[in-house]
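So you can see what is in the structure, the chains are spelled out below.
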Amino acid sequence: MIKDLIVVGAGACGLMGAIVAARDKKRVLILEKMPKVGVKLKATGGGRCNLTNSLDADSFMQSFGKSGRFMSSALEFLSSKGLREFFAKIGVETDMPDGFRIFPVGHNSQTVLDALNSEIRRLDIEVKCSCEVSKISKESDQFIVSSKNQEYIAKNILLATGGMGYPKLGSTGDGYRLAKMVGHTIKEPHPAMMPLKTKENWVANCRADTIANVTIEVDIKKYKKLKATGDLIFTKDGIRGPVVLDFSREITPLLAKYKEVPIVVKLTNFLHYDELYRDFKNKLSSGEFRTLLELVKSVLPQSVAVELILLSGGRLDVPFSKQSGIIRDSLIKNIVQTPLTIVGDNGFDMAMITRGGINLKEVDSKSMQSRVVKNLYFCGELLDLDGPCGGYNLQWAFSSGALAGKLHP
Ligand SMILES: Cc1cc2nc3c(=O)[nH]c(=O)nc-3n(C[C@H](O)[C@H](O)[C@H](O)COP(=O)(O)OP(=O)(O)OC[C@H]3O[C@@H](n4cnc5c(N)ncnc54)[C@H](O)[C@@H]3O)c2cc1C
């Protein structure tokens, strides 16, 4: 039977697109290569599923950078409020424990998946799992969608195959190959949102130490504006934590270009050089901090204090005042702007999202329809748009899927 719509990929955006189309009385078939639908959705937010956040549309789009405005029609069609209402209607109430991030009540992604699955059953949407689409083509007004064993025919296709991050959860870049087959171009995909590796191996001695409210900046003149703030954790070979997840999407394209990316980490975010110097002087006058280590420990965890003192050439058990001027100067600089060099990432295996994807110029943002092939639609992470941590990427997936599912003529 010829379907009105075949959705390739049953992630957040594909499921939403299928539901919207079926509510408009379209005959919909979903083809999913994993044995179950929504495998990545289930893993989101560490199983808690950070669905969206409380930002207004303008601030939301700004967080996606230069291309953020592309989302305006999709967000107008399904806003954060609209998404919460959509889920409430299918039985999932949401809450906002920190006044910003929005989760399903109970913070269990399975509730989201169960509700989407019931809605799919209620709307009689056909779903074929373990069905990997390997080819799409168009003959006159119909699309032929091929898997290993079968061909399916539809009037419209929604490509919802995601990016390349966390391939074990299903998305391995198939959508790029399928889109190329029908004439689309792809902005080079880079892994994003993941831990980063540093050249400096002293970080291993600080492993598991968390430092709150750190700012990281790229230390290349042309890219000085690239920065992020949040909690940082040292690892055996680099850095991770919320600030690194957000920052890594800026770093991976630079890594591909330069191989090494110098950064500075502001571990005492609110203290500048002069302020820290004054703070140390005040503390020393109290007579409380006899050794250099005791003094530096007043602003940093012990292991980090030790490493930065050694890096600056200082002696741990000697008072600050007895270190040379050069060492004192170097130490204060290393504390307020710790230099690190990013030399690698963990590739797509641990990338929570993909930077790059289907060229936005080839897609009509008002409908999510291809400008190259009529009746072909795109949504979600497959497109060249990515946001930071905090419910941004799922909201984009749901909004773009919903708009695409309207199947504008
Ligand atoms: C561990 C983890 C946690 C995350 N947590 C959050 C969070 O809390 N909040 C947030 O906003 N974002 C989060 N993200 C990002 C978010 O999950 C993604 O941006 C979002 O799921 C993308 O949705 P999508 O529908 O575009 O793609 P996907 O969810 O990747 O879905 C694509 C689907 O297409 C299928 N597919 C691929 N190729 C084929 C093919 N050839 N044939 C048939 N099917 C195919 C895949 O198996 C997959 O099911 C997280 C990501 C990860 C990896």
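Residues numbered from 1 in each chain as written. Predicted model: local features only at pLDDT ≥ 70, side-chain atom pairs only at ≥ 80, totals over all residues.

## With respect to the overall build of the protein chain
Broken down by element type, the protein chain carries 13 helices and 20 strands. Taken over 409 residues, the protein chain has a buried fraction of 46%. (Helix = DSSP H or I, 4+ residues; strand = E, 2+ residues; numbered from the N terminus. Buried ≥ 20, exposed ≤ 12 C-beta atoms within 10 Å, placed from the backbone.)

## Side note on the site of the ligand
Neighbouring the ligand are 40 residues; Gly9, Gly11, Gly162, Gly170 and Gly380 lie closest to it. Among the secondary structure elements, those contributing two or more residues to the shell around the ligand are helix H1 (12-23), helix H2 (39-43) and helix H13 (392-405). (Near = placed C-beta within 6 Å.)

## Points about helix H5 (residues 80-89)
Among all positions of H5, only Ser80, Leu83, Arg84 and Phe87 are buried. Taken down its axis, H5 places every buried residue within 100° of arc, on the same side. For H5, the exposed residues set more than 90 degrees away from the buried face come down to Lys81, Glu85 and Lys89. Looking at the residues trailing H5, positive phi occurs at Gly91, about 100°. (Arc of directions from axis to C-beta.)

## Re the domain arrangement of the protein chain
Domain annotation for the protein chain reports domain 1 (3-191 + 354-405) and domain 2 (195-345). For domain 1 and domain 2, the distance between their C-alpha centres works out to 39 Å. When its residues are assigned to classes, the side of domain 1 that touches domain 2 shows 3 nonpolar, 1 polar and 2 charged. (Domains from an automatic or database assignment. Nonpolar A, V, L, I, M, F, W, Y, C, P; charged D, E, K, R; others polar.)

## Thoughts on the pairing of strand S9 (residues 151-159)
Both strand S1 (residues 3-8) and S9 contribute to a ladder of 5 bridges, which runs parallel. Opposite Ile6, over in S9, you have Ile157 as the bridge partner. Judged from the 4 bridges that link them, strand S8 (residues 142-147) and S9 form a sheet pairing that is antiparallel. Across the sheet, Val145 pairs through a bridge with Tyr152, a residue of S9. A loop of 3 residues connects S8 with S9, the two strands running antiparallel in sequence. Pairing between S9 and strand S20 (residues 376-378): 3 bridges, direction parallel. The residue of S20 that forms the bridge with Leu159 is Phe378. (Pairing = 2+ DSSP bridges.)

## Topic: the sheet that holds strand S4 (residues 94-95)
Strand order in this open sheet of 3 strands is S3-S5-S4, and the pairing throughout is antiparallel. On the outer flanks of this sheet lie strand S3 (52-53) and S4, each paired with one strand and no other. Pairing of S4 with strand S5 (residues 101-104) involves 2 bridges; the strand directions are antiparallel. Along S5, the bridge assignment pairs Thr94 with Pro104.

## Quick look at the sheet that holds strand S12 (residues 210-218)
Pairing within the closed barrel is antiparallel, and its 6 strands lie in the order S11-S14-S13-S12-S15-S16. Taking the axes of each pair of neighbouring strands and ignoring which way they run, one obtains an average angle of 50° across the sheet. Pairing between strand S11 (residues 196-198) and strand S14 (residues 238-240): 2 bridges, direction antiparallel. Across the sheet, residue Lys197 finds its bridge partner in S14, namely Gly238. On top of the sheet, helix H8 (residues 242-258) reaches S11, S12, strand S13 (227-234), S14, strand S15 (261-266) and strand S16 (338-345); it is set at about 105° to S13, its chief contact. (Axes fitted to C-alpha atoms, helices over the stretch in contact; angles between N-to-C directions. Contact = placed C-beta atoms within 7 Å.)

## Quick notes on the nonpolar core
Residues Ile6 and Ile157 are the most contacted members of the largest nonpolar core, which totals 72 residues. In terms of residue count, the dominant contributor to this core is H1 (9 residues). In contact with Ile157, other than residues within four places in its own chain, are Ile6, Val8, Ile136, Phe143, Val145, Leu376 and Tyr377. By size, the runner-up hydrophobic cluster in this structure holds 47 residues, among which are Val261, Ile309, Ile332 and Phe348. (Core = buried A, V, L, I, M, F, W, Y, C linked by C-beta atoms within 7 Å.)

## Points about the pairing of S13
The two faces of a sheet get side chains in turn, since along a regular strand they alternate between them. Pairing geometry for S12 and S13, over 6 bridges, is antiparallel. Counterpart to Thr215 in the pairing with S13 is Thr229. Pairing between S13 and S14: 2 bridges, direction antiparallel. Bridging from a neighbouring strand, Phe234 pairs with Ile239 of S14. The hairpin formed by S13 and S14 contains 3 residues between the paired strands.

## Things to note about the packing of helix H11 (residues 302-311) against helix H12 (residues 325-336)
Between H11 and H12, the shortest axis-to-axis distance is 9 Å and the interhelical angle comes to 135°. On the basis of the axis angle, H11 is oblique to H12. Considering only the axes of H11 and H12, their crossing is right-handed. Where H11 abuts H12, its residues Leu308, Ile309 and Leu311 lie against Leu331, Asn334 and Ile335. When its residues are assigned to classes, the contact of H11 with H12 shows 5 nonpolar, 1 polar and no charged. (Parallel < 35°, antiparallel > 145°, perpendicular 65-115°, else oblique. Left-handed = near helix turned anticlockwise from the far one by under 90°.)

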